[in-house]
Amino acid sequence: MSNGEKLGRKDYEKLLDPMEQELVGMARWAQVSGARIVVLFEGRDTAGKGGAIKAVSGQLNPRQCRTVALAAPSERERGQWYFQRYIEHLPSRGEIVLFDRSWYNRAGVERVMGYASQAEVEAFLRHAPTFEKMLVDDGIHLFKYWLACDQEKQEERLHERLEDPLKRWKLSPVDIAAREKYADYTLAREAMLEATHTAHAPWTLVDFNDQRLGRLTLIRDLLARLPDTKVEAPELDLPPLDTDPRHEKFGVLEPLKPFPIS
């Protein structure tokens, strides 16, 4: 692609197809080996977290691959150890969990919007590497991705959501308020990366100004960093077809007819 030219849909789907097959193979390997996989998707509003998660999970069994997108904590959850409500969503043997935002809310939106005190933020930045070391030491494959987009691209996508009734639900009052704090979010991100980029749980930053290209880059990196996940699919044979005519006696619904336009 030439500089500034976005990846087209047809080219994107052509490149995504073999990666989807590898993702299915990854899921089969996790199921057979009992591996537990956690992927964190972090980034600014409109960066493309939802689309990236759909690209990873689109062809996977939803019983095995779960997306976790937690709402604001309840009053009871605010009285718990900060990491507690995330722990219950961690994977069991053979499962894959994709976090659409994660415990890093404390270092981002909670810090910038004043939902957490300075002391709480500092404690989080000290404790997060230890918490993640416990996960990794227990055998969890942990991947942390920051989806990066610049302010001009973010503004373009915010206006697109505002004008599209099918995307309007993605905008919240917090998103609107955060729009004026781009620089504050940058400072918070840099402090977070400096404190929590570790050898056992490193951050990977992916350029998402072109979301399609960003998804492919993220998936390629995820697949490359996992162990050899090649497990042959079991051979399956379809049993003989039951052609008993009695099964057809209930009939089939007729297709809907188009409504008349007055």
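What you are looking at is a predicted structure, and each value in this text was computed from that prediction instead of being measured. (Residues numbered from 1 in each chain as written. Predicted model: local features only at pLDDT ≥ 70, side-chain atom pairs only at ≥ 80, totals over all residues. Heavy atoms only, no water.)

Glancing now at the packing of helix α2 (residues 49–57) against helix α10 (residues 211–225). Between α2 and α10, the shortest axis-to-axis distance is 10 Å and the interhelical angle comes to 50°. Classified by the interaxial angle, the pair formed by α2 and α10 is oblique. You can see that α2 and α10 cross each other, and the crossing is right-handed. For the pair α2 and α10, contact is made by G51, A52, A55 and V56 and by R215, L218 and I219, respectively. Its residues placed into classes, the contact of α2 with α10 shows five nonpolar, one polar and one charged. (Axes fitted to C-alpha atoms, helices over the stretch in contact; angles between N-to-C directions. Helix = DSSP H or I, 4+ residues; strand = E, 2+ residues; numbered from the N terminus. Parallel < 35°, antiparallel > 145°, perpendicular 65-115°, else oblique. Left-handed = near helix turned anticlockwise from the far one by under 90°. Contact = heavy atoms within 4.5 Å. Nonpolar A, V, L, I, M, F, W, Y, C, P; charged D, E, K, R; others polar.)

Attention shifts here to the UniProt feature "domain: Polyphosphate kinase-2-related" (unreviewed entry) in the protein chain. Mapped onto the present numbering, the UniProt feature "domain: Polyphosphate kinase-2-related" (unreviewed entry) falls on residues 8–232. Annotated as residues 8–232, this span is 51% helix and 13% strand, and its ends, taken at the C-alpha atoms, are 33 Å apart. (UniProt positions renumbered as here; feature names shortened; annotations may be inferred.)

Next up on the list: the packing of aromatic side chains. This model, assessed by the stated rule, comprises 13 aromatic pairs. Geometrically, the ring pair formed by F83 and F124 is stacked, given 5.7 Å between the ring centres and 25° between the ring planes. Remark: F124 occurs in helix α6 (residues 118–137) and F83 occurs in the loop between α3 (75–78) and α4 (84–87); sequence separation between them is 41 residues. Of the residues examined, F124 reaches a relative accessible area of 3% and is grouped as buried. Through pairs of rings, three or more aromatic residues link up here, namely W81, Y82, F83, Y86, F99, W103, Y104, F124, F131 and W203. One Lys or Arg, R44, reaches over the ring of Y182 and ends 3.6 Å from the middle of that ring. (Phe/Tyr/Trp six-rings, centres within 6.5 Å; stacked < 30°, edge-to-face > 60°. Buried < 20%, exposed > 50% of the residue type's maximum accessible area, 1.4 Å probe, protein only. Lys NZ or Arg CZ within 6 Å of the ring centre and 35° of its normal.)

Let's shift gears to the sheet that holds strand β5 (residues 203–207). Overall, parallel pairing links the five strands, which are arranged β2-β3-β1-β4-β5 in an open sheet. Looking at the sheet topology across the chains shown, the edges are occupied by β2 (65–68) and β5. Across this sheet, the average inter-strand angle for adjacent strands is 20°, counted without regard to direction. Bridge analysis of β2 against strand β3 (residues 96–100) gives four bridges, and the strand direction is parallel. Across the sheet, residue V68 finds its bridge partner in β3, namely F99. Taken strand by strand, helix α1 (residues 9–33) contacts β1 (37–43), β3 and β4 (141–148), and its axis lies near 135° from that of β1. In this fold helix α9 (residues 182–196) packs onto β4 and β5, with an angle of close to 140° to the strand it touches most, β5. (Pairing = 2+ DSSP bridges.)

Here the focus is the pattern of salt bridges. Scanning the model with the defined rule gives 16 salt bridges in all. Ionic pairing is found between E190 and R189, a salt bridge with its closest N-O pair at 2.8 Å. Assessed through its relative accessible area of 39%, E190 is described here as partly exposed. Via salt bridges that share partners, E155, R179 and E180 belong to a single interconnected network. (Salt bridge = Lys/Arg side-chain N within 4 Å of Asp/Glu carboxyl O.)

With 15 residues, α9 ought to run about 21 Å at 1.5 Å a step, and its terminal C-alpha atoms sit 21 Å apart, in line with that. Along α9, the residues that are buried comprise Y182, Y185, A188, R189, M192, L193 and T196. Looking down the long axis of α9, one finds its buried residues gathered within 135° of arc, a one-sided arrangement. Within α9, the exposed residues directed more than 90 degrees away from the buried face are A183, L187 and E194. Next to the buried residues of α9 lie α5 (109–112), α6, β4, α7 (151–163), α8 (173–178) and β5. (Expected span 1.5 Å × (residues − 1). Arc of directions from axis to C-beta.)

Among the structural elements, R215 can be located in helix α10. In contact with R215, not counting residues within four places along its chain, are Y12, G51, A52, A55 and F208.

This part takes up the environment of V56. By the secondary structure assignment, V56 is in helix α2. What makes V56 buried here is its relative accessible area of 3%. Taking C-alpha positions, V56 is 8.9 Å from L98, a pair spaced 42 residues apart along the chain. Residue contacts for V56: discarding those within four places in its chain leaves L23, F41, L98, L218 and I219.

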